[in-house]
Amino acid sequence: MNSKFNFKSVRFKIWIYFLVIVVVILFLNWFLQIFFMNNYYDKMKIISSEKKAALITDVYNNSDNRKEFIDGIQDILSSDDIYLQIEHKGNPVYSSDSRTEGYQAELDQARDSLNEAAPNKSDIALTLVTDKTQRETWVYAGYLDASHDTAMYLLSPLYPVGTTVEIMQNQLVYITLGSLIFGLLFAVYASIRIARPIDDINKKAKNLAKGDYGITFPTRYSYSEINELAQTLNKASSELERSSNLQRDIVANVSHDLRTPLTMVKSYAEMIRDLSGDNPEKRNAHLQIIIDEADRLNSLVNDLMTLSDVQAGTLQLNIERFSIKGLFDSVLQPYGVLQQKEGYSIVFNCRQDVEVIGDSERIKQVVANLLSNAVKYCGDDKKIFINVKKWGKRVHCEVVDHGPGIKASELPYIWERYYKSSNNHVRASKSSGLGLSIVKEILIAHNARFGVESKMGRGTTFWFELEVAPEPKASKGSRHGLLHRSH
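Heads up: these notes are all about the structure in this document. (Residues numbered from 1 in each chain as written. Predicted model: local features only at pLDDT ≥ 70, side-chain atom pairs only at ≥ 80, totals over all residues. Heavy atoms only, no water.)

1. Brief notes about the environment of L185
Looking at the secondary structure, you find L185 in helix α4 (residues 162–209). Spatially, the C-alpha atoms of L185 and F18 are 9.9 Å apart, while their sequence positions differ by 167 residues. (Helix = DSSP H or I, 4+ residues; strand = E, 2+ residues; numbered from the N terminus.)

2. Re the packing of aromatic side chains
Using the criterion set out here, one finds 5 aromatic pairs in the structure. Note that K382 overlies the ring of Y344, its terminal NZ or CZ placed 5.1 Å from the centroid. (Phe/Tyr/Trp six-rings, centres within 6.5 Å; stacked < 30°, edge-to-face > 60°. Lys NZ or Arg CZ within 6 Å of the ring centre and 35° of its normal.)

3. Observations concerning unusual backbone geometry
Non-glycine residue K89 carries a positive phi angle of around 55°. One non-glycine residue, K382, lies in the positive phi region at around 55°. Tracing the sequence through the fold places K382 in the loop between α9 (360–376) and β9 (383–391).

4. Some thoughts on the nonpolar core
Residues I324, F328 and F464 are the most contacted members of the largest nonpolar core, which totals 42 residues. At the level of secondary structure, the elements contributing two or more residues to this core comprise α7 (324–332), β7 (345–350), α9, β9, β10 (394–401), α10 (435–445) and β12 (459–467). Tallying contributions element by element places α9 first for this core, with 7 residues. Filtering out sequence-adjacent residues up to four positions away, I324 remains in contact with D353, V354, V356, V388, V395, C397 and L466. (Core = buried A, V, L, I, M, F, W, Y, C linked by side-chain atoms within 4.5 Å. Buried < 20%, exposed > 50% of the residue type's maximum accessible area, 1.4 Å probe, protein only. Contact = heavy atoms within 4.5 Å.)

5. Describing α10
In terms of burial, α10 is a largely internal element, 8 of the 11 residues being buried. Where α10 terminates, the next one or two residues include N447, which has phi positive at roughly 55°.

Pasting the structure below:
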């Protein structure tokens, strides 16, 4: 039984991700504000005080008079709770405030320590604890001149931070609660905002899976990825609808193609049995019709098997060297009668005979299908041009007619089985309707380039290109054998 709440849904995942982010941020906040402060407060305060001491020394050495020196010191100490006392030969000459008595114990210890260290050291830094104040004080003591006459004592109290941490903990509790509530609300809003278009697309995709190919997916969402998905599904819907229609056409056409000759075979067989069995002339005519219809059935079945083998990758190609001119001559030979009796004009232009690589029998099938197609739709002038030219390492072959042409919007689909053009490329009654599909699949199996160009009212050109066979190597005892490859 499916749970109503899906823990693997995008909505739930977004909730979790946002809450994890909030928790991580809060954890870092607590850690930095409490643990980090407890452990590093003293160190940070001392580093700050050392920088102040260095600045005061620079001001002393670079000041031209007492006023400039005092102004410089006050600027340095204005933002810190640091006590500074400067003494000349043991006598105070400057104090940053009047709280000298509050730091008297620290000053006395600092003087003793500095006197003991001089002249080996020009300054000292120590942390002092006094019983009077019950607090720690960091002291820097040093001389401002080389004669050791002027001393500087910089006192920075290291106040206990426990109270501060406690206050911050109370604040962080409220901050944590507020952040969790805000994060949860925002996660819910974001998940709905993001998941809603996905849910809409999912519902329509289910209808598409049920066969509702006319459905459209809106592409006005706030996210480009979802818009791209909707566009892809719209294209898939259109292709599925077209494929479904094509499939129905294929079934209808194949059924018609099979039913018509079968009906003819049955009808004429019955006529032989009932009427013309004793009349040799009529019997032979009726038998010839049966044979022709059987050949038509056989041709249709062969075309279907060829197309199926090529698309299934089981078609065996007998790759060899052969003359492209000789191949066209053999295909054109049966059309001589057609030219004489029905006035067709087939012009074959091939200035140079070139050997190419491929399966000659399959390429004959390609040329025969293209030529048969051109004969059907060549137009009133009944002229067909076949041009063969060598272009570098390829041979370009084209079949040109002057028929009505094909619309540009229909050109990508004419290679499909039983495709019916709105203009002139309608399957003839004696055709299997698979000719161009077989042409396409055979050329793909040869890795050959091919295409079609057409202009309305001016005709159509089908073309393909084959690789030129390499020059044979003159080696003793060598011969050109047959190469077999499976596609």
